[in-house]
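Coordinates in review
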Amino acid sequence: MENRRKKIVIHYFALLREERGCASEEVESAARTPLELYRELRGRHDFSLGNEVLRVAVNEEFQAWDVPLADRDAVAFLPPVAGG
Amino acid sequence: MSGAFELTRSAINEVELRKSLANPAGGALVTFEGWVRNRNDGRPVTGLEYECFETLALKEGGRILSKAMSCFDILGVHCVHRTGRLGVGELAVWVGVAAEHRDDAIEACRYVIDEVKHRVPIWKKEHYTDGDSVWVHCADCAAHHHAGGKVH
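An account of the accompanying structure is given in this report. (Residues numbered from 1 in each chain as written. Chains lettered and ligands numbered in written order. Predicted model: local features only at pLDDT ≥ 70, side-chain atom pairs only at ≥ 80, totals over all residues. Heavy atoms only, no water.)

Things to note about the environment of Ala 11 of chain B
- By secondary structure assignment, the location of Ala 11 of chain B is in the loop between strand S1 (3-8) and helix H1 (14-20).
- Sequence separation between Ala 11 of chain B and Ala 108 of chain B is 97 residues, and the spatial gap between their C-alpha atoms is 24 Å. (Helix = DSSP H or I, 4+ residues; strand = E, 2+ residues; numbered from the N terminus.)

Some details on the pattern of salt bridges
- Inspection of every chain in the model, using the stated rule, returns 18 salt bridges over all chains.
- Put simply, Glu 61 of chain A and Arg 63 of chain B hold a salt bridge, and the shortest N to O gap is 2.9 Å. Taken together, the residues Glu 61 of chain A in the loop between strand S3 (55-58) and strand S4 (62-63) and Arg 63 of chain B in helix H2 (residues 54-71) connect one chain to another.
- Taking the shortest distance from any N to any O, the salt bridge between Arg 119 of chain B and Glu 60 of chain B comes out at 2.9 Å. Remark: Glu 60 of chain B occurs in helix H2 and Arg 119 of chain B occurs in helix H3 (residues 102-119); sequence separation between them is 59 residues. (Salt bridge = Lys/Arg side-chain N within 4 Å of Asp/Glu carboxyl O.)

Points about helix H2 (residues 34-45) of chain A
Residues and elements named next belong to chain A.
- Look at H2: 16 Å from first C-alpha to last across twelve residues, which is about the 16 Å you get at 1.5 Å a residue.
- Of the positions making up H2, those classed as buried are Pro 34, Leu 37, Tyr 38 and Leu 41. Mapping the buried residues of H2 onto a view down its axis gives an arc of 95 degrees, with all of them on the same face. Turned more than 90 degrees away from the buried face of H2 sit Arg 39 and Gly 43, all of them exposed.
- Residues of H2 that are buried make contact with strand S1 (6-12), helix H1 (14-20), strand S2 (24-29), S3 and strand S5 (74-78).
- In the stretch just after H2, Asp 46 is the one whose phi turns positive, near 60 degrees. (Expected span 1.5 Å × (residues − 1). Buried < 20%, exposed > 50% of the residue type's maximum accessible area, 1.4 Å probe, protein only. Arc of directions from axis to C-beta. Contact = heavy atoms within 4.5 Å.)

Observations regarding the sheet that holds S4 of chain A
- On the basis of which strands lie adjacent, the open sheet formed by five strands has the order S2-S1-S5-S3-S4 (chain A) and mixed pairing. Edge positions in the open sheet fall to S2 and S4 of chain A, since each of these has one partner strand only. (Pairing = 2+ DSSP bridges.)

Structural notes on the nonpolar core
- Among the nonpolar cores identified, the biggest contains 34 residues, and Leu 37, Phe 77 and Leu 78 of chain A are the most heavily contacted of them.
- Where this core is concerned, the elements lending two or more residues are S1, H1, H2, S3 and S5 of chain A together with helix H4 (138-146) of chain B.
- Top element by residues in this core is S5 of chain A. It accounts for four residues.
- Cys 52, Ala 57, Leu 86 and Ile 113 of chain B belong to the second-largest nonpolar core, a separate cluster that totals 33 residues. (Core = buried A, V, L, I, M, F, W, Y, C linked by side-chain atoms within 4.5 Å.)

As C-alpha cells, this is what we get:
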C-alpha cells in the first residue's frame, strides 16, 4: 500500500529548471518522501545539485525531506536562493 | 499597520513606496535599496534575471515582515522585490521601515533584507559581458558536489 505509485506534479526553478528543460512535469512514482523522489529524479536527469543544498516545498509550503507524499501532491525542489 | 511584501515585474517606484509608510507618529524612515551593479566577484555584469516561486515567496516574505512588526518597535514595513530581467543600475529590491525612533527602524530594515536574501525563494542569474551566465549560489553548490563535497 505504501509503495503504491502516485501521481506527483514537480516544479523546478532556476538551475534545476534549466537542467530538466521544463518548469514542471507530472510523474508517476512510488517514492514515499520528497527525498526518495529527488533521488529518483536526479538519477534520471543527472541534476548537478545534491539534495543537501536544496529545500523542498510540498503543496506550496516548505517541508522536511521525510514527510510522506500523497497522490496529487505538488512538489517543488528549491535551489539555493539568491534574492536581493 | 502596513506589512506588505510584493513581487513586481515592472520598475519599482521608490518615491511612491516611501509615501506608503507615511505616519504622523513616525520619527524615522529607513530604506534599503538593492541595485544591480556592474561587477560581481570581479566579473563584468551586463544584467540580472530574477526568477521566483511566486506563491511561496509571497508567503515567506509576508512572514518575515510580520516577524519584523512583532519583534521591533516599528510602525510599518514594506518590501518589494523585482522579478524578470534587470539592467545595471536598476532597483532590484526595496525595503522601507517607519518607526518612532531610528534604532528600531535601522535594526528592522537590516533584519528584513537579510532574511529576504536568505529565505525567500527568489533566484538570480547573472549575465556577463563575455556572454556567460550563472545562477548565483547554485553554481558554487554544483561545483562543490562535483569536487567531492570537500568545500563547505
